[in-house]
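Chain residues, written in single-letter form:
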Amino acid sequence: MKKVNLAIVGATGMVGRTFLEVLEKRDFPIENFYVFASARSAGKTITFRGKEYVIEELTEQSFDRPIDIALFSAGGSISQKFAPIAASKGCVVVDNSSAWRMDPNVPLVVPEVNPEDIKKHKGIIANPNCSTIQAVVALKPIHEYYTIKRIIYTTYQAVSGAGMGGWADLEEGLKGNPPKKFPHPIANNCLPHIDSFLDNGYTKEEMKMVEETRKIFHAPDLKITATTVRVPVFNGHSEAINVEVEKPFELEELKGIFKKAPGIIVQDDPQNDIYPLATETTGKDEVFVGRIRRDESVENGINLWVVADNIRKGAATNTIQIAELLVQEMA
Ligand code: A2P
């Protein structure tokens, strides 16, 4: 495979550090490697594949050198400003923030679901929201075989999804200290509030799940609703997903389809207490699916429990899988 010049923007953050771990694990073909963060981190070093790299401050001149691909995870406003600068210099940005996801000129990609969309990029490719990624990986085989009519999402999301600040709030909250990141204590609580509230009464996180799912499936009219909840779990998002499909299905056939689907591990033996658990998905790249059962209240309905490491498959791994597709294209 062709070796590329790769940059990480936000290398010191929760997702940025996981980029480094996943890149090491997956043997990504790198020629030159650059790491960027804010002025606060400039001059510090990080070790990658046994070599030390000096962190540079991200500036408008950062991309004035041949960089093929940049993985961005430094927040929406940084992506908003710097992704177009990088793209204008010939670099392809794979962006983990929400800044570009709904832009019609920017593909929103989950490699197990819509890999062909990367071909349409104009310099920026967006990585979906963590809760959307694991949901659409699980829903893809259902949609392919039975055609989805309606989706109801309910999420149980870990604090790592809110970055270092979210993690610290749970850690400190368990010691009795007040929250700094969340509006209420997260220890011993469930907060039905992720990202800010919109005029329609939903949170941005909920509407991200609705809109991003439609974009990824190329189904602008798909009926979807969501309730997203922050729970006192350090890492790993869990989701209860209810789906209505057009075609009749057999449960055993559906389970067989899941077992063959890319990126999915089925854990579904409730008699032996086997179902996906957040604690067991940490550090894994797959999406775990269990509690696969018929929704008996409608004609063709399915209930699922879907769990994944939100920092891995929900962020770093998916971004790197997109970058791997780009490298294949460049070869
Ligand atoms: P830094 O550590 O120098 O502040 P998280 O969401 O886990 O807190 O991570 C945020 C990431 O975004 C960090 O790597 C952080 O770097 C980076 N970041 C924040 N502000 C900027 C900025 N102005 N320019 C470049 N990177 C930034």
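Up top is the structure.
As the structure is a prediction and not an experimental result, all values here were calculated from the model. (Residues numbered from 1 in each chain as written. Predicted model: local features only at pLDDT ≥ 70, side-chain atom pairs only at ≥ 80, totals over all residues. Heavy atoms only, no water.)

### Let's talk about the overall build of the protein
Point 1. Along the protein, the regular secondary structure elements total 8 helices and 14 strands.
Point 2. In terms of principal-axis extent, the alpha carbons of the protein reach across some 60 × 50 × 40 Å.
Point 3. Looking at the protein residue by residue over its 331 residues, the buried ones come to 54%.
Point 4. Put simply, 68% of the contacts in the protein that link residues at least 6 apart link residues at least 24 apart.
Point 5. Here the protein has roughly 14,700 Å² of accessible surface; of this, 49% comes from carbon and sulfur atoms.
Point 6. For the protein, the distance from the average site of its 38 positive side-chain charges to the average site of its 44 negative ones is 3 Å. (Helix = DSSP H or I, 4+ residues; strand = E, 2+ residues; numbered from the N terminus. Buried < 20%, exposed > 50% of the residue type's maximum accessible area, 1.4 Å probe, protein only. Contact = heavy atoms within 4.5 Å. Areas by Shrake-Rupley, 256 points an atom, 1.4 Å probe, with all protein chains shown as cover. Lys, Arg positive; Asp, Glu negative; His and termini not counted. Charge placed at Lys NZ, Arg CZ, Asp CG, Glu CD.)

### Points about helix α8 (residues 312-330)
Point 1. At N318, α8 shows its largest bend, some 35°.
Point 2. With 16 of 19 residues buried, α8 is to be regarded as a mostly interior element. (Bend = angle between axes of the 7 residues up to and from the residue.)

### Overview of the pairing of strand β3 (residues 45-48)
Within a regular strand, the side chains alternate between the two sheet faces.
Point 1. On β3, burial follows the alternation: I46 and F48 on one face are buried, whereas T45 and T47 on the facing-out side are not.
Point 2. Sheet topology note: the β3/strand β4 (residues 51-54) ladder contains 4 bridges and is antiparallel. Residue pairing for β4: T45 is matched across the bridge by V54.
Point 3. Linking β3 back to β4 in an antiparallel pair, the connection comprises 2 residues, with R49 at a positive phi of about 50°. (Pairing = 2+ DSSP bridges.)

### Looking at the layout of surface pockets
Point 1. Roughly 210 Å³ of internal volume is contained in the second largest pocket.
Point 2. Around the second largest pocket sit 14 residues that line it, and M14, T18, E21, N235 and I311 are the ones nearest its centre.
Point 3. When contributions to the lining of the second largest pocket are tallied by element, the ones reaching two or more residues are α1 (14-26) and α4 (163-173).
Point 4. Per-element tally for the lining of the second largest pocket: the top contributor is α1, with 4 residues.
Point 5. A breakdown of the residues in the lining of the second largest pocket according to their chemical character gives 4 nonpolar, 6 polar and 4 charged.
Point 6. Of the residues that make up the lining of the second largest pocket, three or more belong to each of domain 1 (4-127 + 315-330) and domain 2 (131-310). (1 Å grid on protein atoms, 1.4 Å probe; cavity = no way out; pocket = protein on both sides within 12 Å on 5 of 7 lines; lining within 4 Å. Points joined across faces, edges and corners; volume = space filled by probe spheres on them. Nonpolar A, V, L, I, M, F, W, Y, C, P; charged D, E, K, R; others polar. Domains from an automatic or database assignment.)

### Here we look at the packing of aromatic side chains
Point 1. With the rule as written, the count across this model stands at 9 aromatic pairs.
Point 2. Aromatic pair Y145 and Y146: ring centres 6.2 Å apart, planes at 45°, arrangement tilted.
Point 3. For Y146, a relative accessible area of 3% gives the class buried.
Point 4. Each ring, one from Y146 and one from F249, has its centre 5.8 Å from the other, and the planes form 55°; the classification is tilted. (Phe/Tyr/Trp six-rings, centres within 6.5 Å; stacked < 30°, edge-to-face > 60°.)

### Side note on the packing of α1 against α8
Point 1. Between α1 and α8, whose axes approach to 9 Å, the crossing angle comes to 50°. It follows that α1 is oblique to α8 by the angle criterion. Note on packing geometry: the crossing formed by α1 with α8 is right-handed. In this structure, α1 uses V15, T18, F19, E21, V22, L23, K25 and R26 to contact α8, whose residues at the interface are R312, A315, A316, T317, T319, I320, Q321 and E324.
Point 2. The residue makeup of the contact of α1 with α8, split by class, is 7 nonpolar, 4 polar and 5 charged. (Axes fitted to C-alpha atoms, helices over the stretch in contact; angles between N-to-C directions. Parallel < 35°, antiparallel > 145°, perpendicular 65-115°, else oblique. Left-handed = near helix turned anticlockwise from the far one by under 90°.)

### Re the environment of T45
Point 1. When you line up the elements, T45 lands in strand β3.
Point 2. The sequence separation of T45 and T12 amounts to 33 residues, and the corresponding C-alpha distance is 9.9 Å.
Point 3. Setting aside residues no more than four positions away along its own chain, T45 makes contact with E52, Y53 and V54.

### Re the sheet that holds strand β8 (residues 124-126)
Point 1. A sheet is described by the order of its strands in space; here 6 strands give the open sequence β5-β2-β1-β6-β7-β8, paired in parallel fashion. Only two strands of the sheet have a single neighbouring strand rather than two, namely β5 (56-57) and β8.
Point 2. Relative to β5, strand β2 (residues 30-37) runs parallel, the two being bridged by 2 bridges. By the bridge assignment for β5, F36 is matched with E56.
Point 3. Its contacts with the sheet put α8 on β1 (4-9), β6 (69-72), β7 (92-95) and β8, and the angle it makes with β6 is roughly 170°.

### Quick word on the pattern of salt bridges
Point 1. All told, the structure shown has 16 salt bridges when counted by the stated rule.
Point 2. Ionic pairing is found between E56 and R65, a salt bridge with its closest N-O pair at 2.9 Å.
Point 3. Judged by its relative accessible area of 26%, E56 is partly exposed.
Point 4. Across the salt bridge formed by K175 and E172, the nearest N and O atoms sit 3.1 Å from each other.
Point 5. The structure contains a network of salt bridges with shared partners spanning E21, K25, D285 and R312. (Salt bridge = Lys/Arg side-chain N within 4 Å of Asp/Glu carboxyl O.)

### Considerations on the environment of T281
Point 1. Mapping T281 onto the fold places it in helix α7 (residues 278-281).
Point 2. Aside from chain neighbours lying at most four places away, what touches T281 is G236, F288, V307, A308 and D309.

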